[in-house]
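Below are the chains, spelled out letter by letter.
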Amino acid sequence: MTTRTESVDTPAGEARITWHPAPARTARLVLAVSHGAGGGIEARDLVALAAALPAHGVTVALVEQPWRVAGKKVAAAPKVLDEGWRALWPALAKPGLPVVAGGRSAGARVACRTAAELGAAGVLALAFPLHPPGRPEKSRAAELTGAGRPTLVVQGDRDPFGRPQEFPPPTAQGPYELVEIPYADHGFAVPKKAGPTQDETLTVITEAVAAWLTRIPR
């Protein structure tokens, strides 16, 4: 399927959605994923999901926040990021399919903070920044456990923003699933001498996300 790009006006400026559509006959969900504070939609995990998931009936919408579209190097404040995401939501819901809110790093935090109010079908948190590196006392666990929607966390076991064992146990009030990615850092890069290759690692991520998405109600 051919990708297409859509510009959306938001209170924070122009945002951009790059659509990777599933075939019309099989499309059952939209996965909307945004980037982190230090990069864009070219992140390896976002590219891999956009390539793999349409074959599973999932349309992938890669979202560029206004600060990134404007060419700025520093991300906007969390409140501004949330405003931009809320304004994008009608465009993400336009295909008439359930929308799973997602993102990597800072984008995952936005998805968690806004999922319940926007009526997201679920939340995909890639490389959730549980705390700043070396500052475990500055936990952001409340954002994750407060998402209020079925949530999948995909986390590298070398992530300085929070290793899998640092995450709080899921509770009835804050249930989520966590997939640990061996040898991976915050960007899901793995050392060349690690057991799995980079391509194999990305396949683990896409297959885990695809399997989880099959359990999201239509």
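Here's what I pulled together on the structure shown here. (Residues numbered from 1 in each chain as written. Predicted model: local features only at pLDDT ≥ 70, side-chain atom pairs only at ≥ 80, totals over all residues. Heavy atoms only, no water.)

1. What to know about the nonpolar core
Buried together is how nonpolar side chains tend to be arranged in soluble globular proteins. The following threshold applies: Here, nonpolar core refers to any group of buried Ala, Val, Leu, Ile, Met, Phe, Trp, Tyr and Cys residues whose side-chain atoms link them within 4.5 Å. For each residue, the accessible area found with a 1.4 Å probe, counting protein chains only, is set against the maximum for its type, and the residue is called buried under 20%, exposed over 50%, and partly exposed in between. Strands here are runs of E lasting at least two residues and helices are runs of H or I lasting at least four, both read from the DSSP assignment and numbered beginning at the N terminus. It only takes one pair of heavy atoms within 4.5 Å for two residues to be counted as in contact.
Core analysis: the biggest nonpolar cluster contains 34 residues, and Ile 17, Trp 85, Leu 88, Trp 89, Leu 92 and Phe 128 have the highest contact counts within it. For this core, the secondary-structure elements that each account for two or more residues are strand S2 (13–20), strand S3 (29–34), strand S4 (58–64), helix H3 (78–93), strand S5 (99–104), helix H4 (106–118), strand S6 (122–126) and helix H5 (141–145). Residues contacting Phe 128, with those up to four places away along its chain left out, are Ala 108, Arg 109, Cys 112, Arg 140, Glu 143, Leu 144, Val 153, Gln 155, Phe 161 and Phe 167. By size, the runner-up hydrophobic cluster in this structure holds 32 residues, among which are Ala 48, Ala 50, Leu 124 and Ile 181.

2. Topic: helix H1 (residues 44–52)
For H1, the set of buried residues is Asp 45, Leu 46, Ala 48, Leu 49 and Ala 50. For H1, the secondary structure elements touched by its buried residues are S2, S3, S4, S5, S6 and helix H6 (198–213).

3. Side note on the pattern of salt bridges
The following threshold applies: For salt bridges, the criterion is a side-chain nitrogen of Lys or Arg within 4 Å of an Asp or Glu carboxyl oxygen.
Enumeration over the complete set of coordinates arrives at ten salt bridges. For Arg 86, the salt bridge identified is with Glu 117, shortest N-O distance 2.8 Å. Placement of Arg 86 in helix H3 and of Glu 117 in helix H4 is noted, with a sequence separation of 31 residues between them. A salt bridge links Arg 113 to Glu 143; the nearest nitrogen and oxygen atoms lie 3.3 Å apart. In this pair, Arg 113 is assigned in helix H4 and Glu 143 in helix H5, connecting sequence segments 30 residues apart. Several salt bridges share partner residues, and in doing so they unite Asp 82, Arg 109, Arg 113 and Glu 143 into one network.

4. Some remarks on the packing of aromatic side chains
Cut-off, in case you're wondering: For this analysis, a ring pair means two rings from Phe, Tyr or Trp (six-membered ring only for Trp) whose centres lie within 6.5 Å, classed as stacked if their planes differ by under 30 degrees, edge-to-face if by over 60, and tilted for the remaining angles.
Considering all chains together, one arrives at two aromatic pairs under this definition. Ring geometry for Trp 85 against Trp 89: centres 6.3 Å apart, planes inclined by 55°, an arrangement best described as tilted. Here the residue Trp 85 and the residue Trp 89 both occupy positions in helix H3, the gap between them amounting to four residues, near one helical turn. With a relative accessible area of 9%, Trp 89 lands in the buried category.

5. So, the environment of Pro 168
Secondary-structure assignment places Pro 168 in the loop between strand S7 (151–156) and strand S8 (177–181). Considered as a pair, Pro 168 and Arg 158 are ten residues apart in the sequence and their alpha carbons are 17 Å apart. In contact with Pro 168, not counting residues within four places along its chain, are Leu 130, Ala 141, Thr 145 and Tyr 176.

6. Structural notes on the side chain of His 186
Going by this rule: We define a polar contact as two N or O atoms separated by no more than 3.5 Å, with the added condition that, inside protein, one atom must be a possible hydrogen donor and the other a possible acceptor, whereas residues neighbouring each other in sequence contribute only through side-chain atom pairs.
For His 186, the position within the fold is in the loop between S8 and H6. A polar side-chain atom of His 186 sits 2.9 Å from a polar atom in the side chain of Ser 105. Once you skip the residues sitting within four places of it in the chain, His 186 turns out to touch Arg 104, Ser 105, Ala 127, Asp 159, Pro 160 and Phe 161.

7. Overview of the pairing of S6
The condition is simple: When DSSP finds two or more bridges between a pair of strands, those strands are recorded as paired. We call a crossover right-handed when, viewed with the strands running away from us, the connection from the first strand over the helix to the second turns clockwise.
The buried count for S6 comes to five of five residues, which makes it a mostly enclosed element. Pairing analysis gives five bridges linking S5 to S6, with the strands arranged parallel. Its bridge partner being in S6, Val 100 is matched across the sheet by Gly 122. Handedness of the crossover joining S5 and S6 through H4 is recorded here as right-handed. Judged from the four bridges that link them, S6 and S7 form a sheet pairing that is parallel. By the bridge assignment for S7, Ala 125 is matched with Val 153.

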